[in-house]
Amino acid sequence: MTDFTITEERSQTKGRYVATADGKPEAELTYSIANDHMIIIDHTGVPDEWRGMGVGKALVQRAVEDARERGVQIIPLCPFAKAQINKTPDWHDVLEPVRNT
């Protein structure tokens, strides 16, 4: 298992979490900030060198933890992030609820 560090880069409208480790390319999860109460995860990119190390899941977990801390909901448009959140019931509290109109 490779030790890695996850950092966040954030602007007014977008953000990304970046996983880094010595000698490896960056892995990332990107999101758009829809409003003060919602982010949309749109991409998770994990290079082949990282595969099978849990880096992608760790990126999603960090997004979930930060969303909780900030009091925002997540819409996971990225198929990987959506699958990780769906199979981790403890993370469902950050999903944007479906509204019936």
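Per chain, residue numbering runs from 1 following the sequence as it is written. Residues qualify for local features only when their pLDDT is at least 70, as the model is predicted, and side-chain atom pairs are given and counted only at 80 or more; totals for whole chains, interfaces and linings, by contrast, use all residues. Hydrogens and waters are ignored; side-chain quantities use all the structure's heavy atoms.

Enquirer: Is there a simple way to think about the pairing of strand β1 (residues 5–10) in this case?
Expert: In regular strands, side chains alternate between the two faces of the sheet. Criterion used throughout: strands pair if DSSP finds at least two bridges between them. Secondary structure is summarised from DSSP: a helix means a run of H or I of at least four residues, a strand means a run of E of at least two, and numbering begins at the N terminus for each. Bridge count for β1 against strand β2 (residues 14–20) is six bridges, and the pairing is antiparallel. Bridge pairing in β2 places Ile-6 opposite Ala-19. Joining the antiparallel neighbours β1 and β2 is a turn of three residues.

Enquirer: Explanation requested: the nonpolar core in the structure shown.
Expert: The nonpolar side chains of soluble globular proteins are, as a tendency, buried together. Counting residues in hydrophobic clusters, the biggest one holds 26 residues, and the most contacted among them are Leu-29, Ile-41, Leu-59 and Ile-74. The element that contributes the greatest number of residues to this core is helix α1 (residues 55–70), accounting for seven residues. Any pair of residues with heavy atoms lying within 4.5 Å of one another is described as a contacting pair. With residues up to four places along the chain from it excluded, the contact list for Ile-41 reads Leu-29, Thr-30, Tyr-31, Ala-63, Ile-74, Ile-75, Pro-76, Leu-77, Cys-78 and Ala-81. Definition used in this section: a nonpolar core is a set of buried Ala, Val, Leu, Ile, Met, Phe, Trp, Tyr and Cys residues joined via side-chain atoms within 4.5 Å. Accessibility here uses a 1.4 Å probe with only protein chains present; expressed as a share of the type maximum, an area under 20% marks a residue as buried, one over 50% as exposed, and anything in between as partly exposed.

Enquirer: It is not clear to me how the pairing of strand β5 (residues 73–76) should be interpreted in this structure. Could you clarify?
Expert: With burial as the criterion, only one face of β5 is covered, namely that bearing Ile-74 and Pro-76; the residues Gln-73 and Ile-75 on the opposite face remain uncovered. Note that strand β4 (residues 38–45) and β5 share four bridges and pair parallel. What sits directly across from Met-38, in β5, is Gln-73. If the strands point away from the viewer and the path from the first strand over the helix to the second runs clockwise, then the crossover is right-handed. Assessed by its sense of winding, the connection that carries the chain from β4 through α1 to β5 is right-handed.

Enquirer: Teacher, can you tell me more about the pattern of salt bridges here?
Expert: Close approach of charged atoms allows side chains of opposite charge to pair. One side-chain nitrogen of Lys or Arg within 4 Å of one carboxyl oxygen of Asp or Glu is enough to make a salt bridge. Counting across every chain of the model gives eight salt bridges. Of the charged contacts in the structure, one is a salt bridge between Glu-8 and Arg-10, with a shortest N-O distance of 3.8 Å. Taking the relative accessible area as the measure of exposure, Glu-8 reaches 23% and is therefore partly exposed. Between Asp-48 and Arg-51 there is a salt bridge, and its shortest N-O distance comes to 3.2 Å. Residues joined in a network through salt bridges with shared partners are Glu-9, Arg-16, Glu-26 and Glu-28.

Enquirer: Which parts of the structure should I look at to understand helix α2 (residues 79–86)?
Expert: Note on helix geometry: an α-helix contains 3.6 residues per turn, so any two residues three or four positions apart are oriented the same way. Along α2, the positions that sit buried rather than exposed are Ala-81, Gln-84 and Ile-85. Buried residues of α2 fall within an arc of 95 degrees about the axis and therefore sit on the same side. Each element contacted by the buried residues of α2 is listed here: β4, α1 and β5. It is the directions from the helix axis to the C-beta atoms whose arc is reported.

Enquirer: What is the right way to read the sheet that holds β4 from this model?
Expert: Strand pairing in a sheet is mediated by backbone hydrogen bonds. Such pairs are either parallel or antiparallel. Here we have five strands laid out as an open sheet, ordered β1-β2-β3-β4-β5, and mixed in their pairing. What marks the edges here is a single partner per strand, and that holds for β1 and β5. Sheet twist, expressed as the average angle between the axes of neighbouring strands with direction ignored, equals 25 degrees. Between N-to-C directions, angles span 0 to 180 degrees; the directions come from axes that are lines fitted to C-alpha atoms, helices contributing only their stretch in contact. Each of β4 and β5 is contacted by α2, which is oriented at about 125 degrees to β5, the strand it contacts most.

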